[in-house]
Amino acid sequence: MAEPTVRISGIVLSSLMFQHVNSDSDAEGLILGESKSEEQITISDSQADHVHVEEIYNIQKHVSCQTLSSFYNGVGDVNMEAVKSVLADNKQERLIGWYRQRRNSEQQMTLREKLVHENLKNALSNPHIIFLLLTPSKVTSSGSTHRTEYAAFISRSRHVINIPVHINNLGLLEQLAYWMASVPCSAMGYNLTMKKHSSKFFLSNGSLREVTEVNRMNESLHTELQACSDVAESERQVETLLADVAALRRIIGERKQSEPEEGDRHSAAEQNNQLLQEAVRALFATSPLLLTQTLTLEGFPVPDVTCSAGAQETLCSPCHNTTCCKMLTET
């Protein structure tokens, strides 16, 4: 279902407000402009092409009535002759709705306004008729400051719907998306210029040529990238190899850190053994167990005597194969 939206320029809206402020009573009149349905294709960073249909009512001009209820009676019946009289030189095809200004009232359509709206739709044979309601009120007691609220309504199956109103010169709040279609403009000179030169920049459906070409190139690029499965597989293999290399480097680094610790432990043990040997020598230097002895071939120690030259043959006969002297040395 199309989303209806009313767009009005700041000049037209300010002229409506100025007319009502300078009048002594409520005012009403007819609205001229154009209504069209646009298929908006927005491309944003969060999603792909999003298509939605928008029904836009561009208010370009207003024609005020001299008195209230000038084109309808008390029960809401519309007089087409009076409507044509109010339009004067304006074309009836440009009539897209009517407006009313009420002081110090709520933003709701009355029963009579609903009847007039339905009868105007039937008389013009146009279901796309809008109703613009302005309700100014005084902010200060002196009347120096006024506040004007405005709202637009449309009837669908006899149900009144409040539709949003956008002021063109205040800009739109949806600045996050890229618009492929041209922004509508109500100026006559703009329309003539666009009709003359639009074939160079726009397609028959109203979309920009450059944007269409860019979309085609983007689709072709995506197709080519999807075909590069070998490249993606090789990239995954390279990532796996890099992870393995990093793990091996980490293991080698841990081993290098552990080797100096083992060397330190060996040097500390050798130093402790040396200190132990020095302590044993200092305490047990004269102990017989630590002295060397000369043994015979049978394993008996040699007596601690020194044979003289004359008695060497008699005394040392049992140990003729050994040395008969004992050397005292330290171990």
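Residues numbered from 1 in each chain as written. Predicted model: local features only at pLDDT ≥ 70, side-chain atom pairs only at ≥ 80, totals over all residues. Heavy atoms only, no water.

**Student:** What should I look at first to understand helix α2 (residues 80-87) in this one?
**Tutor:** Side chains three or four residues apart in an α-helix point the same way, a direct result of the helix having 3.6 residues per turn. Within the sequence span of α2, burial applies to Ala82, Val83, Val86 and Leu87. End-on view of α2: buried residues confined to an arc of 140°, all on one side of the axis. Set apart from the buried face of α2 by more than 90 degrees, the exposed residues are Glu81 and Ser85. Where α2 begins, the capping side chain belongs to Asn79, and its oxygen is found 3.2 Å from the backbone nitrogen of Glu81. Among the residues trailing α2, Ala88 stands out with phi positive, at a value near 60°. (Buried < 20%, exposed > 50% of the residue type's maximum accessible area, 1.4 Å probe, protein only. Helix = DSSP H or I, 4+ residues; strand = E, 2+ residues; numbered from the N terminus. Arc of directions from axis to C-beta. Polar contact = N/O pair within 3.5 Å; in protein donor to acceptor, adjacent residues only side chain to side chain.)

**Student:** What am I meant to see in helix α3 (residues 111-124) here?
**Tutor:** Along its 14 residues, α3 runs 20 Å from first to last C-alpha, staying within 8% of the 20 Å computed at 1.5 Å per residue. For α3, every residue scored as buried is listed here: Glu113, Val116, His117, Glu118, Leu120, Lys121 and Leu124. Each element contacted by the buried residues of α3 is listed here: α2, β4 (95-101), β5 (130-138) and β6 (146-156). (Expected span 1.5 Å × (residues − 1). Contact = heavy atoms within 4.5 Å.)

**Student:** Which parts of the structure should I look at to understand the confidence of the model for the chain?
**Tutor:** Low pLDDT marks regions whose predicted coordinates should not be analysed in detail. Model confidence for the chain is summarised by a mean pLDDT of 76, while 76% of its residues fall at 70 or above. Predicted confidence in the chain is weakest over helix α7 (residues 312-315), with a mean pLDDT of 43, and strongest over β4, with 90. For the stretch residues 307-331, pLDDT sits under 50, and the model shows 32 contacts to residues farther than four places along the chain or on other chains. (pLDDT = per-residue confidence, 0-100.)

**Student:** Looking at this structure, I do not really get the nonpolar core. What am I missing?
**Tutor:** In summary, soluble globular proteins display a tendency toward joint burial of nonpolar side chains. The biggest cluster of nonpolar side chains holds 22 residues, and the ones touching the most others in it are Leu30, Phe71, Val83, Leu95 and Trp98. For this core, the secondary structure elements donating two or more residues are β2 (27-43), α2, β4, α3, β5 and β6. Of all hydrophobic cores here, the second largest spans 18 residues; its members include Val6, Ile8, Leu132 and Ala152. (Core = buried A, V, L, I, M, F, W, Y, C linked by side-chain atoms within 4.5 Å.)

**Student:** Just checking my understanding: could you explain the pattern of salt bridges for this structure?
**Tutor:** Should their charged atoms come close, side chains of opposite charge can pair. Evaluation of the coordinates by the stated rule reveals seven salt bridges. Where Arg156 meets Glu55, a salt bridge forms, and the shortest distance between an N and an O atom there is 2.8 Å. One end of the pair, Arg156, is in strand β6; the other, Glu55, is in strand β3 (residues 50-64), and 101 residues separate them in sequence. Residue Glu55 is classed as buried on the basis of its relative accessible area, which comes to 5%. The salt bridge partner of Glu118 is Lys121, with a shortest N-O separation of 3.9 Å. Of the two residues, Glu118 and Lys121 both sit in helix α3, three residues apart, roughly one turn of that helix. Given a relative accessible area of 12%, Glu118 falls into the buried group. (Salt bridge = Lys/Arg side-chain N within 4 Å of Asp/Glu carboxyl O.)

**Student:** Looking at this structure, I do not really get the pairing of β4. What am I missing?
**Tutor:** The two faces of a sheet get side chains in turn, since along a regular strand they alternate between them. The buried fraction of β4 amounts to seven of the seven residues, a majority that puts the element mostly inside the structure. Sheet analysis places β4 next to β5, joined by five bridges and oriented parallel. The residue of β5 that forms the bridge with Arg100 is Leu133. (Pairing = 2+ DSSP bridges.)

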